[in-house]
Amino acid sequence: MTYVSAARASGPTRRTTLTGLVGGAGALLAAGCSASPATAPTARRTARAYASASDPTPGVMTLFKDPAFNFNGLLALGGSGYGASEVGEVLTAVNTINKAGLSAQTYTETFKNLGDQLRKPPSSSEPGTETTRFRALRAAQYYAQALFFVLGSDTPGTEEELYKAGRGSWDVFCERCDPVPVTARIPFGKTPLPVWFFRPDSSGERRPTVILTNGSDGQNVDMWTYGVAAALQRGWNALVYDGPGQGQLLFVDQVVFTPRWETVVTPIVDWLTARPDVDSRKIALTGLSMAGDLAPRAAAFEHRIAALVAMPGVLSPWLGFPPEIREILTPDKEKTNNIWNKEVVPELPPSAAATMKKRFEPFSVPAMLAARQGKMFTDFYTPATLIKSLDITDVVGRIKMPTLVLDYDFEQFYPGQPRQLFDKLTAPKDYVKLTAATGAQLHCSPMAPQQHCEVVFDWLQEKLSGR
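Residues numbered from 1 in each chain as written. Predicted model: local features only at pLDDT ≥ 70, side-chain atom pairs only at ≥ 80, totals over all residues. Heavy atoms only, no water.

### Overview of the packing of helix α6 (residues 129–149) against helix α8 (residues 220–233)
At a closest axis distance of 8 Å, the pairing of α6 and α8 adopts a crossing angle of 115 degrees. In terms of axis orientation, α6 runs roughly perpendicular to α8. Contact residues: R133, L137, A140, Q141 and A144 in α6; V221, D222 and W224 in α8. Here the residues of the contact of α6 with α8 are counted per class, giving five nonpolar, one polar and two charged. (Axes fitted to C-alpha atoms, helices over the stretch in contact; angles between N-to-C directions. Helix = DSSP H or I, 4+ residues; strand = E, 2+ residues; numbered from the N terminus. Parallel < 35°, antiparallel > 145°, perpendicular 65-115°, else oblique. Contact = heavy atoms within 4.5 Å. Nonpolar A, V, L, I, M, F, W, Y, C, P; charged D, E, K, R; others polar.)

### Examining the sheet that holds strand β3 (residues 207–213)
What the eight strands build is an open sheet, ordered β1-β2-β4-β3-β5-β6-β7-β8; its pairing is mixed. Pairing within the sheet leaves two strands with one partner each, and these edge strands are β1 (182–186) and β8 (429–434). Each strand axis lies, on average, 20 degrees off the axis of its neighbour in the sheet, ignoring direction. Where strand β7 (residues 403–408) and β8 come together, six bridges link them in parallel fashion. From the neighbouring strand, Y408 faces β8, where its bridge partner is L434. (Pairing = 2+ DSSP bridges.)

### So, a nonpolar patch on the surface
Where nonpolar side chains cluster on the molecular surface, the patch consists of M61, V87 and L91 and spans about 230 Å² of accessible area. Turning to its location among the elements, L91 is positioned in helix α4 (residues 87–100). (Patch = residues over 30% accessible without salt bridge, like charges linked within 9 Å, V, L, I, M, F, W, Y side chains within 5 Å. Areas by Shrake-Rupley, 256 points an atom, 1.4 Å probe, with all protein chains shown as cover. Salt bridge = Lys/Arg side-chain N within 4 Å of Asp/Glu carboxyl O.)

### Concerning unusual backbone geometry
Following D178, the chain continues into P179 via a peptide bond in cis, with omega recorded as 0 degrees. Residue M311 is joined to P312 through a cis peptide bond whose omega torsion reads 0 degrees. Here the phi dihedral of Q254 falls at roughly 60 degrees; this positive angle occurs in a residue that is not glycine. Here Q254 lies in the loop between α9 (247–251) and α10 (262–273). Look at Q254 and you get partly exposed, because its relative accessible area is 32%. (Buried < 20%, exposed > 50% of the residue type's maximum accessible area, 1.4 Å probe, protein only.)

### Topic: the pairing of β8
Counting buried residues along β8, five of its six residues qualify, which places the element largely inside the surrounding structure. Note that the unit made of β7, helix α17 (residues 417–424) and β8 has a crossover that is right-handed. (Right-handed = clockwise from strand over helix to strand, strands pointing away.)

### Remarks on the environment of T263
Structurally, T263 can be placed in helix α10. Residues T263 and F301, spaced 38 residues apart in sequence, show a C-alpha to C-alpha distance of 9.2 Å. Separated by 2.7 Å, the side chain of T263 and the backbone oxygen of R260 make a polar contact. (Polar contact = N/O pair within 3.5 Å; in protein donor to acceptor, adjacent residues only side chain to side chain.)

### Quick word on the nonpolar core
Residues I211, Y241, W340, F360 and F380 are the most contacted members of the largest nonpolar core, which totals 103 residues. No other element matches α6, which puts seven residues into this core. In contact with I211, not counting residues within four places along its chain, are L239, Y241, I268, V269, L272, I283, A284, L285, T286 and I305. Residues A307, Y408, A440 and A448 belong to the second largest nonpolar core, which totals 45 residues. (Core = buried A, V, L, I, M, F, W, Y, C linked by side-chain atoms within 4.5 Å.)

### Quick word on α10
Compared with an ideal rise of 1.5 Å per residue, which puts 12 residues at 16 Å, α10 spans 16 Å between its outermost C-alpha atoms and is within 8% of the ideal. Along α10, the positions that sit buried rather than exposed are E262, V264, V265, P267, I268, V269 and L272. In this structure, the buried residues of α10 make contact with β1, β2 (193–198), β3, β4 (237–241), β5 (278–288) and α11 (291–299). (Expected span 1.5 Å × (residues − 1).)

### Observations concerning the pattern of salt bridges
For the coordinates displayed, the defined rule picks out 22 salt bridges. For K164, the salt bridge is made with E160, and the minimal N-O distance between the two is 3.0 Å. With a gap of four residues between them, K164 and E160 both fall in helix α7 (residues 159–175), about one helical turn apart. R304 is paired through a salt bridge with E302; the nearest N and O atoms lie 2.9 Å apart. Salt bridges linked by common partners bring E159, E160, K164 and R372 together as one network.

### With respect to the packing of helix α3 (residues 67–78) against α4
In the contact formed by α3 and α4, the axes pass within 9 Å of each other and the chain directions differ by 160 degrees. When the interaxial angle is binned, α3 and α4 end up roughly antiparallel. The handedness of the crossing between α3 and α4 is right-handed. Across from G73, A76 and L77 in α3, the residues of α4 making contact are V87, V90 and L91. Here the contact of α3 with α4 is composed, by residue class, of five nonpolar, one polar and no charged. (Left-handed = near helix turned anticlockwise from the far one by under 90°.)

### Concerning the side chain of E411
Summarising the element assignment, E411 is placed in the loop between β7 and α17. One polar contact links the side chain of E411 to the main-chain amide nitrogen of F413, over a distance of 3.0 Å. Leave out the neighbours within four places in its chain, and E411 touches P312 and H443.

As structure tokens, this is what we get:
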């Protein structure tokens, strides 16, 4: 969905403008801040389909009328291609939610209940290993769906519990893989990084390896859908990890994002290069969603990375917020927080308040803890400044390895930024736009992760085949 800012008249206050912007059922989660999508280059571009700018989900299946809920529902549905959901389960949940009335409460309850059901053995017979394994993977997906909207529900204090339920399901899945992924805790500051290292077999053969980097609100199950399964099918190793602001480090250890993502990736590369089953000349790094900013930042300083993929390319996560939100931030902390607390917060409807809590929690522990108590954070300045510091415009020129930048028709979070990042690259580079012509539109192609992985891994194999 694209957002077109209303013209400002002399009369309305800042709070009136903001209320109109974010009052629409999670618009901040689903809307970009540009009135028009990026223009793709002619090279390597497939056919494009157009839709009305007023359509919240252009050209896609409508599960829910609200674009934020619809986008997340599509992600759940798309995971079915890799066993990370079941079409019938997701659509049944959708029908249940719509019948009860769409809300954060009904969405969270329905998907949590579905996860709970799958954690239990099926009633018909004793489950085999594969049945238990993939029921656990689907449960991880459904808990992740519930987790995403829990701060807007009646039980925001269950956020950590929901995360642990999803993480427990992920661990059950991993324990039943063959071979079982190697797990480790890689040193990072005071809080080590949990990693899961997947291999096609236990032969010890030296193989190309991809490091999969999640975004600002994804869970490990998303990395299975957007890389692990595809890597294993092609004879690659794949490493999944929680960095600061993600997964365990956020929800349990309470460590927020860092703008210096190379400090996260470098110890992971150190760990990989010490392994005899990793070809150290063929280590690739991918970044999904906001990690389309994090992975390029790391690659600008960690030159042992042989190939980089930004999915999509992101120069500045801060620009993913509508301008009326960005304008709250001033150079003065006290002034900024006065605007936030006195002019903005009192006018926010519940849906918009929940949206802001979700968007800001990976950047502020006080914001996360307040949200779990059903309260709005009072310090806007500190997390907003951190988000702004993630801008990588000035370091893109340091990237030396071949880089693939993905873009999407109707990219709703970072419109225009993939092309901008591509243009700034001086390394060997390719740009691919996934389109509505094949159902791969919207941020990260939620309906087409298999197409997504085909593009990424065909490119990686081509670039690293001769090394």
